[in-house]
Amino acid sequence: MIRFENVTKRYRGTTRPALNAVDFEVQRGEFVFLVGASGSGKSSCLQLILRAETPSEGRVVVLGRDLRTLSNRKVPYFRRHIGSVFQDFRLLPNKTVHQNVAFTLQVTGASRGFIQQAVPEVLALVGLDGKEKRLPHELSGGEQQRVAIARALVNRPQVLLADEPTGNLDPGTSIDIMQLLARINAGGTTVVMATHEAGFVDQMQRRVIELSNGEMVRDERRGGYGDTSGLPRLAPEVERGAAAVAALTAVLEVQREVAHITGAVEPLNLEDAQRAEAERAAAAPATDAAPEPSTHTRSVPVTTPDVDALGLADRLGLADKNDRDDEVGPTS
Ligand SMILES: Nc1ncnc2c1ncn2[C@@H]1O[C@H](COP(=O)(O)OP(=O)(O)OP(=O)(O)O)[C@@H](O)[C@H]1O
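Residues numbered from 1 in each chain as written. Predicted model: local features only at pLDDT ≥ 70, side-chain atom pairs only at ≥ 80, totals over all residues. Heavy atoms only, no water.

Caption draft 1: A look at the side chain of Thr189. Among the secondary structure elements, Thr189 is positioned in the loop between α6 (171-186) and β8 (190-194). A residue is classified by how much of its surface remains accessible, and Thr189, at 12% relative accessible area, is buried. In contact with Thr189, not counting residues within four places along its chain, are Glu30, Pro157, Gln158, Val159, Leu160 and Ile184. (Helix = DSSP H or I, 4+ residues; strand = E, 2+ residues; numbered from the N terminus. Buried < 20%, exposed > 50% of the residue type's maximum accessible area, 1.4 Å probe, protein only. Contact = heavy atoms within 4.5 Å.)

So, in structure tokens, the structure goes:
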């Protein structure tokens, strides 16, 4: 149904190919996830299937047509068999839900009678009955994506391409959209979806094609997302540094009060301490494990005051000595 034969794609003005000698075949009715880090070539694959781009080398064959030999004049007819949805929905803002979907049929010259029948049917399929007269801005993100899916399906395409279809949606809405795509696939439509959603890929256990720097590095029948190290994530060091600085600030406050009472404390320079903490955090290997309490907070040269007596212990969480391992700083 879709075949990439040794496909290389070089965009004008770039040195590294976006796709390099990629080979795979998708059978009718399959659900295929395209995964890989940003820039690995997922969208380029979808653009080639849609004939929005052409390969620099190799062949792309879709629905039995070699897209190299497909004339520009025939591309709109070819695309009627390929539905596509994108992260940003791409709806016509001044047209209602019904008009957005009907528009696709109007440009292909469908009869009025067919449009009147097909549009409500496909809107019901995606769960949008009753919302026909709404404008896109009167819909939630999930509903807008459903309109885009309805529009992609109204021609009853054999293939549905989805480029990060849940990328702009909250987790709950994303699950609804994934369930809808799975249902469409169960109805016989071949689905090829580029995604960064590791959770969905892991749960659905469908075919996974993984790209890395334009090379196909995995093609697994029932796969998971695999290596998530390429996904953006918060650096734990920053959290640890923030917690340590909060602890240092607290200790400084104790020092100041102790100094006020006893006059016996060496002043601690917060900037020096922060710099030391930053250097320590940078030197420490990144880890997902719960951060160790900063050792800096324990080596501050405070002359043993009776902290409890200062009335600050409870406020700083120092009263119970058994709770030393508690993280300092924001906890949620
Ligand atoms: N029209 C273009 N002109 C030049 N370079 C492009 C073009 N489209 C994509 N590229 C480059 O091709 C490479 C692959 O991009 P592509 O969009 O296919 O990756 P992707 O895996 O879909 O990324 P993302 O997950 O961020 O959408 C990137 O280096 C990108 O900069």
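Caption draft 2: Fine view of the pairing of strand β6 (residues 82-86). Most of β6 sits inside the fold, with 4 of its 5 residues counted as buried. Bridge count between β6 and strand β7 (residues 159-163): 5 bridges; the pairing is parallel. Residue pairing for β7: Phe86 is matched across the bridge by Asp163. (Pairing = 2+ DSSP bridges.)

Caption draft 3: The site of the ligand, seen in detail. Around the ligand, the surrounding shell holds 13 residues, and the nearest of these are Ser38, Gly39, Lys42, Ser43 and Ser44. With respect to the ligand, the backbone of Gly41 contributes an N or O atom lying 3.0 Å from an oxygen atom. Between the ligand and His196 there is a distance of 2.9 Å, counted from an oxygen atom to a side-chain nitrogen or oxygen. If the ligand stood free it would expose 630 Å²; the protein chains cover 61% of that surface. Residue classes in the shell around the ligand are distributed as 3 nonpolar, 8 polar and 2 charged. (Near = heavy atom within 4 Å. Polar contact = N/O pair within 3.5 Å; in protein donor to acceptor, adjacent residues only side chain to side chain. Areas by Shrake-Rupley, 256 points an atom, 1.4 Å probe, with all protein chains shown as cover. Nonpolar A, V, L, I, M, F, W, Y, C, P; charged D, E, K, R; others polar.)

Caption draft 4: Representation of the sheet that holds strand β1 (residues 2-9) in the model. Spatial ordering of the open sheet is given by β2-β1-β4-β5, a layout of 4 strands whose pairing is antiparallel. Since the sheet does not close on itself, it has two edges, and those belong to β2 (19-26) and β5 (65-66), each with one partner. Pairing of β1 with strand β4 (residues 57-62) involves 5 bridges; the strand directions are antiparallel. Each bridged residue has a counterpart across the sheet, and for Phe4 the counterpart in β4 is Val60. Sheet contacts for helix α1 (residues 42-49): β1, β2 and β4; angle to β1, the most-contacted strand, approximately 120°. (Axes fitted to C-alpha atoms, helices over the stretch in contact; angles between N-to-C directions.)

Keep in mind that these numbers describe shape and distance, not what the molecule does.
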